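Fold and contact review
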Amino acid sequence: MRDLETLVAEPTADFALLDSGHGRKLERCGPWRFIRPEPQAMWAPAADDWQADGEFVGGSDEEGGGRWRLSDAVPPAWPIEQAGVHLHAQCTPFRHLGFFPDMAPHWARLAALPEGSEVLNLFGYTGVASLVAANAGCRVVHVDASKKAVEQARANAQLSGLADKPIRWITEDARKFVAREVRRGRRYDAILLDPPKFGRGPEGEVWDLTDHLPTLLADCTKLLDADSRVLILTTYAIRLSAIALDGLLSPLVTSLPGHVRAGEMTIREERRGTLLPTAIFARWSAGG
Ligand SMILES: C[S@@+](CC[C@H](N)C(=O)[O-])C[C@H]1O[C@@H](n2cnc3c(N)ncnc32)[C@H](O)[C@@H]1O
């Protein structure tokens, strides 16, 4: 078995993990500080007296629920920069901040693609990865089941001055879209998929990661050819190992040049440098 890889998202001007411990994390997002639950942070925090503008309380990873307790000063949305693009950060009902900073190492791979590359971003949410690829001169297809998420992604494109770039915004069930692309004989240079544990397509199509990922991934690999560069799969909040993702992806790309790497995604704490694990990934790439 190949060694597992640890990807690290480093602190940035507009987002940093400031401290973590006792099941919580303190983050800076733009000018605001937030406390969110973090079951993986089982260690003691560096400091006890966290000053924050908001905290997500209640709920749990499994059942969801919970709500934000925000100071009046926190606006509904505020602009930040990530990986050279701009987006509207916000406190969402699902305890998110409108983007996933741990995706930074994957954004860097998209930013390094040759101009004109065809990129497919599945489960694209608010579109940071799509904008990073468009900013690098790629032609992008952004697919998400949520009309609201696609609207937010388009608003982020506007904010980033990328609204005129070749990005196709698709509101559709990922499995349906990919199956149709396979029938059409389409191909892509890069594919990114970041599926949730559970989800629903715009027509109520059920997405269950453990049941549906194998078929979706197999279809995605049919959109790759010998000139393709990379396929990145990430999953989070699910009892799965990176070795399982490697085991799923590797047999599907044996006819392609290159190799598969798998491992953990982490965020580095700004002060102590402690790594907070966030998700797992498997990545096929033609080169290194
Ligand atoms: C956590 S987000 C992905 C985050 C994104 N990769 C990013 O880095 O910003 C999961 C996304 O999957 C979408 N989704 C859920 N079920 C889906 C389905 N069946 N087809 C397509 N998208 C779906 C949700 O609307 C949500 O935007």
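Predicted model, so just to flag it, every value in this text is computed and none were measured.

Re the packing of aromatic side chains
- Counting across every chain of the model gives 7 aromatic pairs.
- Centroid distance Phe34 to Trp78: 5.5 Å. Interplanar angle 25°. Geometry classified as stacked. Of this pair, Phe34 sits in strand β4 (residues 32-37) while Trp78 is found in strand β7 (residues 78-82), placing the two residues 44 residues apart along the sequence. Here Phe34 matches Trp78 in class, with each residue buried.
- Measuring from ring centre to ring centre gives 5.4 Å for Phe100 and Tyr125, while their planes differ by 55°; the resulting arrangement is tilted. With Phe100 in the loop between β8 (85-89) and α1 (104-111) and Tyr125 in the loop between β9 (118-122) and α2 (128-135), the pair connects residues that are 25 residues apart, well separated along the chain.

So, the sheet that holds strand β17 (residues 275-285)
- Across the sheet, which stays open at both edges, the 8 strands sit in the order β1-β16-β17-β15-β12-β9-β10-β11 with mixed pairing between neighbours. The open sheet is flanked by β1 (5-9) and β11 (167-171), the only strands paired with a single partner. Within this sheet the neighbouring strands show an average axis-to-axis angle of 20°, counted without direction.
- Note: β9 against strand β10 (residues 139-144), 5 bridges, orientation parallel.

Details of the pairing of β10
- In terms of burial, β10 is a largely internal element, 5 of the 6 residues being buried.
- Remark: the β9/α2/β10 crossover connection has right-handed handedness.
- Taken together, the 5 bridges between β10 and β11 define a ladder with parallel strand orientation. Note that in β11 the partner of Val140 across the bridge is Ile167.
- As a crossover connection, the stretch from β10 through helix α3 (residues 147-159) into β11 is right-handed.

Examining the pattern of salt bridges
- On inspection of all chains with the given rule, the structure shows 19 salt bridges.
- Here Arg28 ties to Glu270 by a salt bridge, and the two come within 3.2 Å at their closest N and O atoms. With Arg28 in strand β3 (residues 24-29) and Glu270 in the loop between β16 (259-268) and β17, the pair connects residues that are 242 residues apart, well separated along the chain.
- Since its relative accessible area comes to 36%, Glu270 is described here as partly exposed.
- Among the charged side chains, a salt-bridge network with shared partners connects Lys25, Glu27, Arg36 and Glu38.

Some details on the sheet that holds β4
- Taken together, 5 strands build an open sheet; the order of strands is β2-β3-β4-β5-β6 and the sheet is mixed. Two strands close off the open sheet at either side, each with one partner strand: β2 (15-21) and β6 (67-70). Pairwise comparison of adjacent strand axes, ignoring direction, gives a mean angle of 20° for this sheet.
- The pairing of β2 with β3 spans 6 bridges and is classified as antiparallel. If you follow Ala16 over to β3, its bridge partner there is Arg28.

Basis of the calculations
- As a convention, each chain's residues are numbered from 1 in the sequence order in which they are written.
- Note on the predicted model: pLDDT of at least 70 is required for a residue's local features to be given, and 80 or more for side-chain atom pairs to be given and counted; whole-chain, interface and lining totals, by contrast, use all residues.
- For side-chain calculations, the full set of non-hydrogen atoms in the structure is used, while hydrogens and water are omitted.
- To pair, rings of Phe, Tyr and Trp, with the six-membered ring standing in for Trp, must have centres within 6.5 Å; the planes then decide the type, stacked if under 30 degrees apart, edge-to-face if over 60, and tilted in the middle.
- A helix here means a DSSP run of H or I that spans at least four residues, while a strand means a run of E at least two residues long, and both kinds are numbered starting from the N terminus.
- Residue burial is assigned from relative accessible area. The probe radius is 1.4 Å, only protein chains are included, and a residue is buried under 20% of its type maximum, exposed over 50%, and partly exposed in between.
- At least two bridges found by DSSP between two strands is the condition for calling them paired.
- Angles run from 0 to 180 degrees between N-to-C directions of axes, and those axes are lines fitted to C-alpha atoms, restricted for helices to the stretch in contact.
- Whether a crossover is right-handed depends on one test, that the path from the first strand over the helix to the second runs clockwise when the strands point away from the viewer.
- Definition used for salt bridges: Asp or Glu carboxyl oxygen within 4 Å of a side-chain nitrogen of Lys or Arg.

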